[in-house]
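A structural walkthrough
Single-letter residue listing:
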Amino acid sequence: MKFKLIFILAIIAGLYTACKKDLGNYDYHPPSAPMLSAFKDSTFAALLGDSLILNPKITLADANPSTDLEYEWQITVQEELRAEVYQGFPLRIVYNLGPGLRTAKLIITDKRNGLKYKIPFNIMGSTEFTKGKIVLSDDNGTTKLSFIKPDNKTVIPDIYNAFHKETLPDHPVELYFADPLPYQPITQQQFWVLCNDQTKKSPLLDASTLLRKSYFNDQFFTPPATIAPGHIEAYQGTVPTGVINGKMYVGVTSTAPFAPDYGKFANEIAGDYSLSKYFSFVGSFYFAFDTKTKGFVTFAGDGSYLGKDYVVDPAGTAFDPKNIGMDLLYMQTGPAGTYYAFFKAADGSIYELGFTYQFDSVNRKIKAEYKRIFKGASLITADTKWQRNSLNVFYFTANDKIYRYNPLNEELRTLDANFGGKKVSMLKISADDNTLTVGTEGAVYTLDVSVGKNGVITQTITGIPGAPVDIVIRK
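The residue numbering used here restarts from 1 in each chain and proceeds along that chain's sequence as written. Totals for whole chains, interfaces and linings use all residues, but because this is a predicted model, local features are given only for residues with pLDDT of at least 70 and pairs of side-chain atoms are given and counted only at 80 or more. Side-chain figures throughout are based on the complete set of non-hydrogen atoms in the structure, without hydrogens or water.

Another aspect to go through is the sheet that holds strand E21 (residues 285-290). A strand pair is defined by DSSP finding two or more bridges across the two strands. Here a strand is any run of E in DSSP of at least two residues, a helix any run of H or I of at least four, and the numbering for each starts at the N terminus. Strand order in this open sheet of four strands is E20-E21-E22-E23, and the pairing throughout is antiparallel. This sheet does not close on itself; its edge strands, each paired only once, are strand E20 (275-282) and strand E23 (305-307). Between one strand axis and the next, the sheet turns through 25 degrees on average, direction left out of account. Here E20 runs beside E21; their pairing, made up of five bridges, is antiparallel. Axes, fitted as lines to C-alpha atoms, cover a helix only where it is in contact. Angles between the N-to-C directions of the axes lie from 0 to 180 degrees.

Tracing the backbone through its elements, the reader meets phenylalanine 355 in strand E27 (residues 350-359). Along the backbone, phenylalanine 355 and isoleucine 366 are 11 residues apart, and their C-alpha atoms lie at a distance of 7.1 Å.

The next thing to look at is the nonpolar core. As used in this record, nonpolar core signifies buried Ala, Val, Leu, Ile, Met, Phe, Trp, Tyr and Cys residues forming a set joined through side-chain atoms within 4.5 Å. Note on exposure labels: buried denotes an accessible area under 20% of the residue type's maximum, exposed denotes more than 50%, and partly exposed covers the range between, all computed with a 1.4 Å probe on protein chains only. With 47 residues, the main nonpolar core has Phe39, Trp73, Leu106, Phe121, Leu145 and Phe191 as its most contacted residues. The element contributing the most residues to this core is strand E5 (residues 69-77), with five residues. What leucine 106 contacts, discounting residues up to four positions off in sequence, is Leu36, Phe39, Tyr71, Glu72, Trp73, Tyr117, Lys118, Ile119 and Phe121. Residue contacts are counted whenever heavy atoms from the two residues lie within 4.5 Å of one another.

This next bit is on the pattern of salt bridges. Salt bridges, as used here, are contacts in which a Lys or Arg side-chain nitrogen is within 4 Å of a carboxyl oxygen on Asp or Glu. Scanning the entire structure with this criterion turns up 18 salt bridges. Ionic pairing is found between lysine 149 and glutamate 128, a salt bridge with its closest N-O pair at 3.3 Å. Highlighted residues: lysine 149 in the loop between strand E11 (142-148) and strand E12 (155-156) and glutamate 128 in the loop between strand E9 (116-126) and strand E10 (132-139), separated in sequence by 21 residues. Among the ionic pairs, aspartate 139 bridges to lysine 144, the shortest N-O distance being 2.8 Å. As far as burial versus exposure is concerned, aspartate 139 and lysine 144 are alike and both buried. A single salt-bridge network, built from bridges that share partners, covers Asp50, Glu128 and Lys149.

Counted residue by residue, strand E30 (residues 394-398) has five buried out of five residues, so it is predominantly covered. As paired elements, strand E29 (residues 386-388) and E30 share three bridges and run antiparallel to each other. Note that in E30 the partner of glutamine 387 across the bridge is tyrosine 395. Between E29 and E30, which pair antiparallel one after the other, the connecting turn spans five residues, and asparagine 392 there sits at a positive phi close to 65 degrees.

Here glutamate 174 is to be found in strand E13 (residues 172-178). Here the positive residues are Lys and Arg and the negative ones are Asp and Glu; neither His nor the chain ends is included. An unpaired buried charge is present at glutamate 174: no salt bridge exists, and lysine 428, the closest side chain of opposite charge, is 6.9 Å distant. In this structure glutamate 174 touches Leu136, Trp192, Val193, Leu194, Gly230, His231, Ile232 and Asp470, once residues within four positions along its chain are discounted.

Describing an aromatic ring pair means giving the distance of the ring centres and the angle of the ring planes. Only Phe, Tyr and Trp rings take part, Trp by its six-membered ring, and two of them pair if their centres are within 6.5 Å. Stacked means planes under 30 degrees apart, edge-to-face means over 60, and tilted covers everything else. Under the definition given, this model contains 45 aromatic pairs. Arranged with centres 5.1 Å apart and planes meeting at 75 degrees, the rings of tyrosine 278 and tyrosine 330 form a pair that is edge-to-face. Of this pair, tyrosine 278 sits in strand E20 while tyrosine 330 sits in strand E25 (residues 327-331), and the two are 52 residues apart along the sequence. No difference in accessibility class separates tyrosine 278 from tyrosine 330, as the two residues are buried. The interplanar angle of 65 degrees and the centroid separation of 4.9 Å between the aromatic rings of phenylalanine 342 and phenylalanine 374 together place this pair among those described as edge-to-face. Separated by 32 residues along the polypeptide, phenylalanine 342 in strand E26 (residues 337-344) and phenylalanine 374 in the loop between strand E28 (364-373) and E29 bring together distant segments of the chain. Given a relative accessible area of 0%, phenylalanine 342 falls into the buried group. Among the aromatic residues, those joined into a cluster by ring pairs are Tyr278, Tyr330, Tyr340, Phe342, Tyr370, Phe374, Trp386, Phe394, Phe396, Tyr403 and Tyr405. For lysine 322, the ring lying beneath its charged end belongs to tyrosine 310, and the centroid distance is 5.2 Å. Here, over-ring charges are defined by two tests on the NZ atom of lysine or the CZ atom of arginine: distance to the ring centre within 6 Å, and angle to the ring normal within 35 degrees.

Time to look at the confidence of the model for the protein chain. Averaged over every residue, the pLDDT of the protein chain is 90; the share at 70 or more is 92%. Counting interchain partners and residues more than four positions distant, the pLDDT-below-50 stretch residues 1-13 has zero contacts. Note on residues 15-22: pLDDT is under 50 here. Beyond four places in sequence and across chains, it has zero contacts. pLDDT measures the predictor's confidence residue by residue and takes values from 0 up to 100.

Here the focus is the environment of serine 42. Counting through the fold element by element, serine 42 comes out in the loop between strand E1 (35-36) and strand E2 (43-47). For the pair formed by serine 42 and phenylalanine 121, sequence separation is 79 residues and the distance between their alpha carbons is 5.1 Å. Once you skip the residues sitting within four places of it in the chain, serine 42 turns out to touch Phe121 and Asn122.

Okay, structure coming up:
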């Protein structure tokens, strides 16, 4: 027993001696972490639509940052419960993740040993799209959307593609701005990029970010099999009204204005008709032109088709409003007064028709005042653009020229603006009648047409991809 005890103590002493002798045999050096210049826990500003470039100086002991390290950037999009991931170094993107503070991290992998290092940082996104100009254009068959900054010099071209990495639908028709009333949610403030492309949906964009929120098909409770937008106008803030597939659609107003279904389209207004895109809301009625019967038709404000259930004033016999028998080129009317429309006959002749109407709860009556050959008939082309101001003065285009026409005295005048031979592709008049916004290939112009001015160019913005189709100006 005594021998066993001595043996055990000898073993313990030997182990102790071995451990004591081994002290200092292990020279452990933990791997060093990457060093980044002014980066960790920093917050970087990012402007929607502009480039975000993060290029910190990185050092790691005995490592070549270009060949020995791999880089992954993760930016959290909390409202969508996901992270946007980018590979490579430096980070170089067009920022499209919306406004607000976003957490992020840079993951650096040392390829030599597989170790990963996570460096946190933040991004504060902001937007400048609440002011400026949004331009819809056709660039040799490809639809593009561009943003002009408030300085009226800086253009961010093809911004939809930059944000979403995809092209817009073909055949652009209209850029509709849904602007909510003060008591309606700001989320209802949108741009509708309406295109007549049956293979691709027209997107609806958040007006403050230009990021896609939904599609035009989602504007319908039950979307039609095909959707061919003609023209949409706003009524009561965000309530869209317009001609789609040749039919009249009126947004639903039976729900609360802040409800998600407010302003959506139910069924088309039933009836045997096919409308031109030109229509007007006149008091409590809609006034339009039926391309099937080639006559004026009306709709009640509650969404019912009245057709030609109106009286033709026997005092006006210049033409039959119910059977004009020509194709409508342009018409824009209002609540009351004398109005004018321009038509093309089967033989190619172009006529100007003057008429008055009265539509109210008691009367529905049209009076045909006159029918005459339009003085500017020889100037009209297949793609002439038209505009009318509040005083019934008309502007129309003929290739690279713009003309001003007053039907009261048939005065026809060429505006002073010179576009260097480039065809005018867009024509819009301001609400105060003082300026025309004009588009030609690659450019947008502002013309002064106020009293005493004859359309002199006061501003030119270049860098627009293709020919402008429509524009929304936010001040």
